[in-house]
Amino acid sequence: MAERAREHDLVLFGGTGFTGGLTAEYLARHAPEGCRWALAGRNRDKLERLRDRLAAIDPSCADLPLLHADATDEGSLRAVAAATRVVITTVGPYLHHGEPLVAACAAEGTDYVDLTGEPEFVDRMYLAHHATARRTGARLVHACGFDSIPYDLGVYFTVGHLPEDTPLTVQGQVRAKAEFSGGTYSSALTVFSRAKEMARTARERRRVEARPGNRRIHLPSGPPRRDAGTGRWLVPIPTLDPQIVGRSAAALPRYGPEFTYRHYAAVKRLPTVLLGALGLGVLGLASRIPPARRALANVRKPGAGPSEQRRLKSWFHVRFVGEGGGERVVTEFAGGDPGYDETSKMLAESALSLAFDDLPETSGQVTTAAAMGDALLTRLSRAGLTIRVVERG
């Protein structure tokens, strides 16, 4: 990031929403002494109520600055970006509301983190703002929550326990029990309704994005299959996560001359998955029909999420099997409620890492592994997430 005096270290945009509120609470409890952070949004009354809530956690939060920022007002976003070193945003769906803030951060040389799991948004931001961010020194880091930190950093951690300068293969297997919020549901509807646009934007990015000339990255898919070791069915899942892993592999030579990553949901019973896939297919078709999409949007509104009691019963577990150079390692990245408690933790720690850690020199649109790597792994481990080697052989 371009070095010049900034009023704030961090600004949180979207703290009055469900996940944003959890992120604000995490910062109130864990921001280091002397961290200069602020809240930004368009509704002053809601920001004041949030600040009062945070002051009950830490009385010093009663003095948090409140900044005006509106996703439809580019001037307000530019002013916020110019005043801080790092912006955190939880305002989605990002495809609808996110670009003006990305543009402001890229122009002002301000680091940026979000929670998006929307592949089209990430690709569009690369096409529109990567070059500007490279010039100004801004680090634009998308997918800093359950999408896609467990997979990106889990693979990064696994690769670090395999031989160097040899072809590597890593397989990720995710299991989870959790609920989703209205904001997540709204983002999912956006993704389902734009399959053609998403594919077209991905092709445009592939045409212009530089690739490592002497290294190859593979992200194959395929039919479900049974894992001999665990007995679970491994079902490919078409999320943003493999793309993020692939971009980290392209950016970091440590992933070897040839790197392959396969991404699966691990389930006990295949019929359950087939029924779920059928339901997603129906949802995808319905989301492309405007009247049906409007009806679906009313099923669950943004701004609400599961109760604390439900979140306490939620969990996720990702198992990684890495192989290369005649060696094999099994690792895990695991935690509690994936979509909210752990996501807010991952998002906040990503922003704190950009603000305060000694990191590699990067700029433009970068992944968590490329931008923060070991520093963020250390932070998340200290914050209570499980990141460990399970077996070698």
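Coordinates for the structure precede this section.
Let me sum up the structure you'll find in this document.

Definitions and cut-offs
- Residues numbered from 1 in each chain as written.
- Predicted model: local features only at pLDDT ≥ 70, side-chain atom pairs only at ≥ 80, totals over all residues.
- Heavy atoms only, no water.
- Helix = DSSP H or I, 4+ residues; strand = E, 2+ residues; numbered from the N terminus.
- Buried < 20%, exposed > 50% of the residue type's maximum accessible area, 1.4 Å probe, protein only.
- Phe/Tyr/Trp six-rings, centres within 6.5 Å; stacked < 30°, edge-to-face > 60°.
- Lys NZ or Arg CZ within 6 Å of the ring centre and 35° of its normal.
- Salt bridge = Lys/Arg side-chain N within 4 Å of Asp/Glu carboxyl O.
- Pairing = 2+ DSSP bridges.

Attention now moves to the overall build of the protein chain. Looking only at helices and strands, the protein chain features 16 helices and 15 strands. Among the 393 residues that make up the protein chain, the fraction classed as buried is 52%.

Taken as a whole and assessed by the stated rule, the structure comprises six aromatic pairs. Between the aromatic rings of Phe18 and Tyr340, the centroid separation amounts to 5.5 Å while the plane-to-plane angle is 75°, which identifies the pairing as edge-to-face. Here Phe18, found in helix H1 (residues 18-30), pairs with Tyr340, found in the loop between strand S13 (327-335) and helix H14 (341-356); they are 322 residues apart in sequence, far enough to count as distant. By relative accessible area, which is 22% here, Phe18 ends up partly exposed. Between Tyr255 and Phe259, the ring centres sit 5.0 Å apart and the planes meet at 80°, which makes this aromatic pair edge-to-face. Given a relative accessible area of 0%, Phe259 falls into the buried group. Through successive ring pairs, a cluster of aromatic residues spans Phe146, Tyr151, Phe316 and Phe333. The ring of Phe356 has Arg85 sitting right over it, with the charged end atom 5.7 Å from the ring centre. Above the plane of the ring of Tyr126 lies Arg205, whose end atom (NZ or CZ) is 4.1 Å from the centre.

Glancing now at the pattern of salt bridges. Per the counting criterion, the structure on display carries 18 salt bridges. Between Glu120 and Arg194 there is a salt bridge, with its nearest N and O atoms 2.7 Å apart. Residue Glu120 is found in helix H6 (residues 119-136), and its partner Arg194 is found in the loop between helix H8 (182-192) and helix H9 (195-208); the two are separated by 74 residues along the sequence. Overall, Glu120 belongs to the buried group, its relative accessible area being 3%. Linking Arg205 and Glu209 is a salt bridge whose minimum nitrogen-to-oxygen distance equals 3.0 Å.

For the rest of this paragraph, the subject is the sheet that holds strand S14 (residues 364-365). Pairing is parallel in the open sheet, where seven strands are placed in the order S3-S2-S1-S4-S5-S6-S14. The outermost strands of the open sheet, each flanked by one partner alone, are strand S3 (66-68) and S14. Two strands pair when backbone bridges link them, and strand S1 (residues 8-13) and strand S4 (residues 84-89) are joined in this way by five bridges, in the parallel orientation. Counted as the bridge partner of His8 is Thr84 from S4.

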